[in-house]
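# Descriptive structure summary
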Amino acid sequence: MIKIISVVGARPNFIKIAPVYRAFRKYTDKVIHKICHTGQHFDTNMSRVFFEELEIPAPDFNLGIHGGSHARQVAKIMIEFEKVLLQEKPDLILVPGDVNSTMAVTLVASKMGIPVGHIESGLRSFDRTMPEEINRMVTDLLSDLLFVSEPSGLENLKREGVDEKKIYFTGNVMIDSLVYYLPKINDSKILSRLNATEEIPAATAGLKRGNYVLCTFHRPGNVDDPGNLTDLIKMLEALPAPVVFPVHPRTRKNMEQTGLYEKLPKNLILTEPIGYIDFLALVKNAGLVITDSGGIQEETTFLGVQCITVRDNTERPVTVEVGTNRLIGTDFGKVKEAALKVLAGEKKEGRIPDLWDGRTAGRIVEIVLDKIHKS
Ligand code: UD1
Ligand code: UDP
């Protein structure tokens, strides 16, 4: 039996590892697959709700890290994860995405000579002010199996001189979860539930398919500066549609400190972070999504929903090149202009990128079983 530990820490990781867990279940005669949660995200609605909805078992290890500065998070994860590796001696660790947890455990494993498989490898924003870019570069440099989700990933790794034998174009695990849970997403009652709450200001006359904007913001560049955050809310106020805004904990803390909760515009419907199924139902039914998220750029492209990305760059260019995503930058005046055009009917046609077909995790697991042997 080979032993593999998948490591997750933050909200997007749970969505990416759920299909991998399911794919390993087909090979219980060959693989012991364990899950380690670093605890980087820890609120119930940022963590446990995803384990429950995506049917991932409780993690075998929880490092209980919680918040802190980058150095503190990474250092604590490294110290705690080393103990797990010393005890478990796995034959491979699998890490999805680009969060601090991804990079921290990759450093520990590679220093101990344990191979690393990176899921969603090769993405680059070419912007080192983003902590994720540093995480992506370090993780890719140290990984032994690099699983790529879109063509730009292949080009980036090739340009950086990564041995082509380590690189596999397997598609997008985020979309595996979306495809698998689509029937449940279609059955979600989130719109009627929101309409029944006091959260819906009378002025919005209720949420209906296509009549509202969904937005999420959590990038430090957009939400850590009080001035930017105030401009962001003003931009949302200027939109001629109800705006549903599930607020990330980082953004919530900043909004509280800036006093923005006391003077919210009438068309704005703020909620706590929403569970996966209901959130994707909100994406699917939105007239427009405005976001700075990574995963949501991909989900809107898959669902053919109009998306405006409030960032100066994207590590997921395929969503702009062939999908429904528009990269508008962080000038909120320009974001407003672009949003008004979409709401007036100016739609961007898109198609689903290659291998975003719901079968990526199966391909990854087959490669892992072929390449990794008991040490
Ligand atoms: C992290 C990732 C980012 C990813 C995002 C997904 C890094 C560097 N950043 O950003 O790439 O896009 O997750 O959502 O890894 N907090 C809570 N409760 C929680 C989670 C966070 O209160 O459940 C608080 C933390 O204590 C901290 C702040 O939110 O004060 C930020 O959390 P952190 O994990 O450091 O970064 P994110 O902004 O969530
Ligand atoms: N998501 C969710 N509820 C929310 C916001 C997001 O279920 O309230 C899901 C959604 O599928 C998204 C994923 O969480 O793609 C990742 O979220 P986030 O934007 O926090 O991370 P990023 O992709 O930017 O790293």
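From a predicted model like this one, the values you see are computed outputs, not experimental measurements. (Residues numbered from 1 in each chain as written. Chains lettered and ligands numbered in written order. Predicted model: local features only at pLDDT ≥ 70, side-chain atom pairs only at ≥ 80, totals over all residues. Heavy atoms only, no water.)

The next subject is the sheet that holds strand β3 (residues 61–62). An order of β3-β2-β1-β4-β5-β6-β7 is seen for the 7 strands of this open sheet, with the pairing classed as parallel. Each of the sheet's edge strands pairs with one partner strand only, and the pair in question is β3 and β7 (167–169). In this structure, strand β1 (residues 2–8) lies alongside strand β4 (residues 92–96), joined through 3 bridges in parallel fashion. Counted as the bridge partner of Ile 4 is Leu 92 from β4. (Pairing = 2+ DSSP bridges. Helix = DSSP H or I, 4+ residues; strand = E, 2+ residues; numbered from the N terminus.)

The 6 strands lie next to each other as β10-β9-β8-β11-β12-β13, forming an open sheet whose pairing is parallel. Each of the sheet's edge strands pairs with one partner strand only, and the pair in question is β10 (268–271) and β13 (325–327). Going from strand to strand, the sheet's axes swing by 20 degrees on average, the running direction of each strand aside. Two strands pair when backbone bridges link them, and strand β8 (residues 213–216) and strand β9 (residues 243–246) are joined in this way by 2 bridges, in the parallel orientation. Bridge pairing in β9 places Val 213 opposite Val 243. (Axes fitted to C-alpha atoms, helices over the stretch in contact; angles between N-to-C directions.)

Taken together, 19 residues form the shell around ligand 2, and within it Ile 274, Ser 293, Gly 294, Gly 295 and Glu 299 come nearest. Side-chain polar atom of Arg 219 to an oxygen atom of ligand 2: 2.8 Å apart, as the coordinates give it. Between an oxygen atom of ligand 2 and a main-chain N or O atom of Gly 295, the distance comes to 2.7 Å. Considered on its own, ligand 2 offers 530 Å² of accessible surface; in the complex 96% of this is hidden by protein. When each cavity is represented as a set of grid points, ligand 2 is found to reside in the largest pocket. Among the secondary structure elements, those contributing two or more residues to the shell around ligand 2 are α1 (11–24), α12 (276–285) and α13 (295–303). Residue classes in the shell around ligand 2 are distributed as 11 nonpolar, 5 polar and 3 charged. (Near = heavy atom within 4 Å. Polar contact = N/O pair within 3.5 Å; in protein donor to acceptor, adjacent residues only side chain to side chain. Areas by Shrake-Rupley, 256 points an atom, 1.4 Å probe, with all protein chains shown as cover. 1 Å grid on protein atoms, 1.4 Å probe; cavity = no way out; pocket = protein on both sides within 12 Å on 5 of 7 lines; lining within 4 Å. Sits in = over half its atoms within 2 Å of the grid points. Nonpolar A, V, L, I, M, F, W, Y, C, P; charged D, E, K, R; others polar.)

Function-wise, these values are silent; they only describe arrangement.
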